[in-house]
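Spelled out, the chains give:
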Amino acid sequence: MAEKTRNVPLLTAIAATVIAVVLASVNAWGPTIPGVAALEGFTIDARFKLRGPRAPASDRVVIVGMDDQLRREAWDVLQTRRGYARFIDALSAYNPKIIALDFFFSAPEVVLPDDLAASVRALEKQWPDLPDTDARGQETGRVLRAIVRELQGDEVLAESIKKSGRVFLGAAFQLGTAGPDEKEPRAIKSARHGEIVDAGGGGVRRPKSAARVDATMDWMAAGATGAGAVNAFPDEDGVTRRLPLAIAYLGHHYEPLGLAVALADLGKTGDTRYVVGEPTMAAGGRALPVAQSASLMLDVMGHNQIPRVSAADVLSGKADRKLLDGKLVFVGLTYAALDKVTTPLDRVADGVELHATLAENVLSGRLLGAAGPWAAVAATLVLCAIACAAQMRRVRRRPWIPPVLALAAMFAYALLALVMFGRGTVLAVAVPMVLAVVVLLAAMIGGLATEGREKAKLRAVFSQYVAGPVVDRILQDPARMRLGGERKELTVLFSDIRGFSLFSEGMPPVELAAFLGEYLTPMTELVLASGGTLDKYIGDAVMAIWGAPIDEVDHAARACEVALKMQEALVALNKRWSKEGKPAVAIGIGLNTGAMAVGNMGSAARFDYTVLGDQVNLGARLEALTKEYGIDILAGETTAKAAGNGFVFREIDLVRVKGRHGAVPVFELVGRSNDKGVSVDMKFAEALALYRKHEFAAAREMFAALPDDSVATTMAARCAVLVASPPDEDWDGVYDQKGK
C-alpha cells in the first residue's frame, strides 16, 4: 500500500532536477552541450526580432555601397585600380572624417602579363623623340606612353590613399598556426591593440590565432591612416552575431576595423587595454563586454537602418554632402550576392554592415553583454524547482495544472530575458528552458504512459493505411477522423506509364508486380522525401499532393522538383532494365495548383485522405495531354506562376480539356533555371503568336524550323491541317483535348 501512495511524478521531477543542474553547470564552466549554442543563438535572434529594427543612436556612421548602380554607371571602379583611385578622390572631396575600406589590395594589378608589361616599359623608355615628319613613329610613342600610364594603376591608387589622408584599410586574418617564415605586413601595424596582457590562459574568451593575413601591399598602405580586421566568424548555425575584438598573430593582437574607426573618432587611437580571458576590454574609456573567442556581440539594427549612399552617386556628385561631411564612412561591396552575411534580423545583409554596426555600438554605448555563468545555473534551478512544486498532490488535482504552472514560469522567464535584452544583458535561455521542459516531461511520463501505449497501438494500425503525417494529425486531433475536409490551395501531381496496358499484356503477373515495385518504390520515396503526401496508386499511376496535411508555402516548387527528379530517376531505371533485358518505359506527368477539397473522403465505414475538385481533375487531364504533345511534364498556369524563378516553363497551347468548358493555358516544365542547357527558344513563342493570329502558313514554317522539338512538330502538323482547311473567323485558337 505504501508504494501506491508514492508521488511518482514528484520523485521523478526531483531526480531530473538534480541531473539538470549538473548539466547546466557543466555547460557553463566546461564543454558545452551539443546543439545548445545553436539553440541559444535562435533565442537571441528571436529577441532581436521581437525588439525589431532600431535606428542608430546618431548619424555619425554612414555606409557607401559599391552596388549594382555603380556596376552599371562606372564599371571601371570595381575592375581597375585607377577606378578605385577615382572613387577615393571623389569620396574625399565630400570631406568625411574617415574612409574605412572593407577590402584590401594584397596583390599588384594585372593589366598585362608581367613579361609583356616589362617589355612595354623598357620599350617606352628607349623610344626616341622623333621629328614631326615621322607621324607613325610619334603615334607609336604616344600609344606606348598611354599603355605605360595604364600599367601604373597601383601607383595612382597609392597616391589617392595618401592624398586623402583619412583612409583605413581592411585586413583578413586566416585562422591557424603561423609558420616561422610569416612576417607582419606593414599595413596592419596600426591595427595593433595598445596594451595586452596574455598569460597563455583565457579559456573560452581566448582570442583566435591567425596563420597568415591578407592585407594591402606595404608600399601602397604607407599612405593609409589606419587599419583593422574585417573578419566575421559566423556561429555554427551560419548566423553572424559577433565580431572579434582581438585576433592573435605573431605575438601581437589586432583590433577590428569598426573598433579602430570608433577609437579614431574619439581621438583615442590605440587606446585599448585587454587582459586575455577577462570579461571586459577597456577601449577609449569604455568597457566592452567580451564574449567567447574575444568577441563582441553586435546590437544589430536591421537592414538599411544605417544611412547608406551609392558609390555611383558619390562619383557623379549627386550624393547629399550633409550625409558624408565629417562622417565615419564605411565602404563595402554591396552588389549582387557578394560579401553577404546572415544576421539575427536579416537573412541576407551586406558584410560591411557588421563593421559599421560595431563602430555605432562602441560610439553609442549600446553594447550587449552576456550574464555570468551563475545566472544560467540559477535560472535552471529556479525553473526546475517550480516544475517540481507543480507535481505536489495539492497542486495537481487536475492533470493540466502542473504543465500550465511550469510553462507559465518559463514564459515569465522568457519575458524577463526579453526585458534584460533591451537593457543590454543577454540571459541564457536555451539551457534553463530546455532542462526545465525535460524535468516537466519526466514528471509527466508516469501519467502519460498508459495513454502513450494506446496511441502507439493506434499509430501502428493506421500507419498501414495512411501516410505518417496524416497519422500524426489524427493523433493530435481525433476530430480529423470524421468525414469531410477543408478547402485549401494545393498542388497535385499525376504520373502514368505510357502504353502500360500493352506493355503489361506480355508479362506474367508475378514479373509485372515485381516490375511495378521497382518503378513505384523510388517514385514514392521522392514524393515523401519532399514533404508530399502519396494520395494513391491507380495501377501504374501515382497521385500525390503537396500542401496538406502539412502546410507548405512552396508546395508548387516542391512538386515541380519531384516531377523533374522522377524523370531523372526513370533514366537510371531504364539503364538498369536495359541491362536486364527488360523494356524501357516513359512516363508523363501532369501538375496543377489550385483550390481543392482535402480531407477524409468516403463512407462512415471506410474512407481515404484525398483531394477532390475541378483543379484535381485538371491535373489528371494535363497528364493525359503529355501524350498528345510528346513531352514529359505539363503544368497548369497557376503552378507555373507559383513555382518561382527556380524553374523554366514555356507556354505551349490553349486547351479545352475533357470535362471542362473553359480553355486553360498549359505550360511545359522545361527544367531548373540553374541547370546547364535549360532554356526556351523564343521562336516557339513567336510561332505560337502567329498561330493564334490565324497566320497558319507562317506559323507552320516557324514551328517546322525548330529541330528536336516534339511540341513544335505537333503544332506544325496542326497548322498544316488548318492551312488546308481554314477555321471560321471566330476561331479562338483553343485546342480540344482528344482523349483522357
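Within every chain, residues take consecutive numbers counted from 1 along the sequence as written. Given that the model is predicted, a residue must reach a pLDDT of at least 70 before its local features are reported, and side-chain atom pairs must reach 80 or more before they are shown or counted; all residues, however, enter totals for whole chains, interfaces and linings. The basis for the side-chain values is all heavy atoms of the structure; hydrogens and waters are excluded.

A. Structural detail: the packing of helix H23 (residues 682-692) against helix H25 (residues 710-724). For the pair H23 and H25, the least separation of the axes is 12 Å and the interaxial angle reads 20°. Considered as vectors, H23 and H25 are oriented roughly parallel to each other. The way H23 lies across H25 gives a crossing that is left-handed. For the pair H23 and H25, contact is made by Phe684, Leu688 and Tyr691 and by Val711, Ala712, Met715, Arg718, Cys719 and Leu722, respectively. When grouped by side-chain class, the residues that make up the contact of H23 with H25 number eight nonpolar, no polar and one charged. Angles shown run from 0 to 180 degrees and are taken between the N-to-C directions of axes, each axis being a line fitted to C-alpha atoms and, for helices, limited to the stretch in contact. Counting from the N terminus, the helices are DSSP H or I runs at least four residues long and the strands are E runs at least two residues long. Roughly parallel means an angle under 35 degrees; roughly antiparallel, over 145; roughly perpendicular, 65 to 115; everything else is oblique. Should the near helix be turned anticlockwise from the far one by less than a right angle, the crossing is left-handed, and should it be turned clockwise, the crossing is right-handed. By definition in these notes, contact holds between two residues if any of their heavy atoms fall within 4.5 Å. For this scheme, ten residues count as nonpolar: Ala, Val, Leu, Ile, Met, Phe, Trp, Tyr, Cys and Pro. Four count as charged, namely Asp, Glu, Lys and Arg, and the remainder, Gly too, count as polar.

B. Inspection of the nonpolar core at higher detail. If you look at the biggest cluster of nonpolar residues, it comprises 51 residues, and the most contacted ones within it are Val64, Met66, Phe87, Phe173, Val314, Leu324 and Val331. Sequence-distant contacts of phenylalanine 173, that is, excluding residues within four places in its chain, are made with Ile188, Ala210, Arg212, Val213, Ala229, Asn231, Ile247, Tyr249 and Tyr254. Throughout, nonpolar core names a set of buried Ala, Val, Leu, Ile, Met, Phe, Trp, Tyr and Cys residues whose side chains join them through atoms within 4.5 Å. Each residue is assigned to one of three classes by its accessible area relative to the maximum for its type, calculated with a 1.4 Å probe on protein chains only: buried under 20%, partly exposed between the two thresholds, exposed over 50%.

C. Geometry of the packing of aromatic side chains. Working definition: rings of Phe, Tyr and Trp (its six-membered ring) pair if their centres are within 6.5 Å, and the pair is stacked with planes under 30 degrees apart, edge-to-face with planes over 60 apart, and tilted otherwise. The full count for this structure, using the stated rule, is 13 aromatic pairs. Pairing phenylalanine 173 with tyrosine 254 gives two aromatic rings, centres 5.4 Å apart and planes at 35°, and the pair type is tilted. Of this pair, phenylalanine 173 sits in strand E3 (residues 167-175) while tyrosine 254 sits in strand E9 (residues 252-254), and the two are 81 residues apart along the sequence. Each member of the pair, phenylalanine 173 as well as tyrosine 254, is classed as buried. Ring geometry for tyrosine 691 and tryptophan 731: centres 5.2 Å apart, planes at 90°, overall edge-to-face. Linking tyrosine 691 in helix H23 with tryptophan 731 in the loop between H25 and strand E28 (735-736), this pair joins segments that are 40 residues apart in sequence. The rings of Tyr84, Phe103 and Phe105 are connected pair by pair, giving a single aromatic cluster. Above the plane of the ring of phenylalanine 233 lies lysine 208, whose end atom (NZ or CZ) is 4.5 Å from the centre. Whether a charge sits over a ring depends on NZ of Lys or CZ of Arg being within 6 Å of the ring centre and within 35 degrees of the ring normal.

D. Focus on helix H8 (residues 153-164). Expected helix span is given by 1.5 Å per residue-to-residue step, counting one fewer step than there are residues. When the terminal C-alpha atoms of H8 are compared, their 16 Å separation across twelve residues agrees well with the 16 Å that a helix rising 1.5 Å per residue should span. Within the span of H8, buried status applies to Gly153, Asp154, Leu157, Ala158, Ser160, Ile161 and Ser164. Buried residues of H8, seen end-on, are gathered within an arc of 160° and therefore sit on one face of the element. Facing away from the buried side of H8 by over 90 degrees, the exposed positions are Lys162 and Lys163. Backbone geometry just after H8 places glycine 165 at a positive phi near 70°. Arc, as used here, means the arc of the directions from the helix axis to the C-beta atoms.

E. Representation of the environment of valine 585. Relative to the elements of secondary structure, valine 585 occurs in the loop between helix H20 (555-579) and strand E23 (587-602). For valine 585, a relative accessible area of 9% corresponds to the buried category. Spatially, the C-alpha atom of valine 585 lies 9.1 Å from that of leucine 573, the residues being twelve residues apart in sequence.

F. Inspection of unusual backbone geometry at higher detail. Positive phi, normally seen in glycine, also occurs at asparagine 95, with a value near 60°. Secondary-structure assignment places asparagine 95 in the loop between helix H5 (81-92) and strand E2 (98-101). Even without a glycine there, the phi angle at aspartate 339 is positive, about 55°. Mapped onto the secondary structure, aspartate 339 falls in the loop between strand E15 (328-333) and strand E16 (340-341).

G. Structural context of the side chain of arginine 241. Position of arginine 241 among the secondary structure elements: in the loop between strand E6 (226-229) and strand E7 (242-244). By relative accessible area, which is 4% here, arginine 241 ends up buried. At 2.6 Å, the side chain of arginine 241 and the side chain of aspartate 237 are in polar contact. Non-local contacts of arginine 241, meaning those with residues more than four positions away in its chain, are made with Gly41, Phe42, Ile44, Asp45, Asp235, Leu296, Met297, Leu298 and Pro344. Two N or O atoms count as a polar contact when they lie within 3.5 Å, although within protein this holds only if one can serve as hydrogen donor and the other as acceptor, and sequence-adjacent residues are included solely when both atoms are side-chain atoms.

H. Representation of helix H24 (residues 696-704) within the structure. Turning to H24, its buried residues number three or more, namely Phe696, Ala699 and Phe703. Down the axis of H24, the smallest arc covering the buried residues is 60°, so these residues share one side. In H24, the exposed residues that point more than 90 degrees away from the buried face are Glu701 and Ala704. If you follow the buried residues of H24, they end up packed against H23 and H25.

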